[in-house]
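Single-letter residue listing:
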Amino acid sequence: NLNHKKYNFIRYSNKAHGFKGSEKNLSQTSNVIVFLLGNDVLTIKEQFQFYTELIKICKKLGYKVVCKSHPRCDVKYDLNLFDEDLDPQIPFEVLNIEYKFKVSLFTTSLIFEPSKSISIENILRKNLVVDKRFNLRSRFLRGFENFDKIKLPEDYSGFKKLLK
């Protein structure tokens, strides 16, 4: 595991390139919302306090909700919440799946096609006491030049507006 105290000096810079050119030929006509799950920053239990409500919003709006967990995410979660569960061993960026948005906390997959990415950082930051690890991942993701295209809703209603 990463020693977060040792790397607290890291600052962000918009000179990093993540999936440069991944914004070509984007289609947002899909009815699929993909949730990318990982437990490197917060436990799945902590995250699901929020994901459960977000999934309900998606389903209420008629979206198919798909789960893609990180390969090292060995914590179990309620698969009944999802319409489909993707193979965790295959990187999201090569799945060739049509989707409207992907939703996650800090996964670097958000940098891939960032205009189709939603980070729940602000929702969690308002409702949880965050630690150095949370802030470090936040700064890391902001270091990519196309971070500004990622959507960061402030609350559930902001999330819902993005989907409409």
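Just above sits the structure.
Here goes a summary of the coordinates provided. Everything numeric in this text was worked out from a predicted model, so none of it was measured.

## Regarding the environment of valine 32
In step 1: On the secondary structure map, valine 32 appears in strand E1 (residues 32-37).
In step 2: Sequence separation of valine 32 and lysine 102 is 70 residues, and the distance between their C-alpha atoms is 8.6 Å.
In step 3: For valine 32, the residues in contact, after removing those within four places along its chain, are Tyr63, Lys64, Val66, Glu98, Tyr99, Lys100 and Phe101.

## A word on the sheet that holds strand E3 (residues 84-86)
In step 1: Taken in spatial order, the five strands make up an open sheet running E3-E2-E1-E4-E5, and their pairing is parallel. With partners counted over all chains shown, the strands left at the sheet margins are E3 and strand E5 (117-119), one partner each. Mean inter-strand twist for the sheet, computed between neighbouring axes without regard to direction, equals 25°.
In step 2: Taken together, the three bridges between strand E4 (residues 101-104) and E5 define a ladder with parallel strand orientation. From the neighbouring strand, valine 103 faces E5, where its bridge partner is isoleucine 118.
In step 3: With respect to the sheet, helix H1 (residues 44-60) is in contact with E1, strand E2 (64-69) and E4, its orientation differing from that of E1 by roughly 180°.

## Thoughts on the pairing of E2
In step 1: Here E2 lies mainly inside the structure; five of its six residues are buried.
In step 2: Bridge count between E1 and E2: six bridges; the pairing is parallel. From the neighbouring strand, phenylalanine 35 faces E2, where its bridge partner is cysteine 67.
In step 3: Handedness of the E1-H1-E2 crossover: right-handed.
In step 4: The pairing of E2 with E3 spans three bridges and is parallel. Looking at the pairing, valine 66 lines up with glutamate 84 of E3.

## Section: the packing of H1 against helix H4 (residues 156-163)
In step 1: It is at 10 Å that the axes of H1 and H4 come closest, and there the two elements cross at 35°. Seen along the crossing, H1 lies across H4 with a hand that is right-handed. Judged by residue contacts, Gln49, Phe50, Glu53, Leu54, Ile57 and Cys58 of H1 engage Tyr156, Phe159, Lys160 and Leu163 from H4.
In step 2: Considered class by class, the residues forming the contact of H1 with H4 number seven nonpolar, one polar and two charged.

## Quick notes on the pattern of salt bridges
In step 1: The final tally for this structure, using the stated rule, is seven salt bridges.
In step 2: Here glutamate 113 makes a salt bridge to lysine 116, at a shortest N to O gap of 3.9 Å. There is no split in this pair, since glutamate 113 and lysine 116 are both buried.
In step 3: Salt bridges sharing partners connect three or more residues here, namely Glu121, Arg125 and Arg142.

Each value, and the rule that gives it
Residues numbered from 1 in each chain as written. Predicted model: local features only at pLDDT ≥ 70, side-chain atom pairs only at ≥ 80, totals over all residues. Heavy atoms only, no water. Helix = DSSP H or I, 4+ residues; strand = E, 2+ residues; numbered from the N terminus. Contact = heavy atoms within 4.5 Å. Pairing = 2+ DSSP bridges. Axes fitted to C-alpha atoms, helices over the stretch in contact; angles between N-to-C directions. Buried < 20%, exposed > 50% of the residue type's maximum accessible area, 1.4 Å probe, protein only. Right-handed = clockwise from strand over helix to strand, strands pointing away. Left-handed = near helix turned anticlockwise from the far one by under 90°. Nonpolar A, V, L, I, M, F, W, Y, C, P; charged D, E, K, R; others polar. Salt bridge = Lys/Arg side-chain N within 4 Å of Asp/Glu carboxyl O.

Interpretation in functional terms is not warranted from these geometric data alone.
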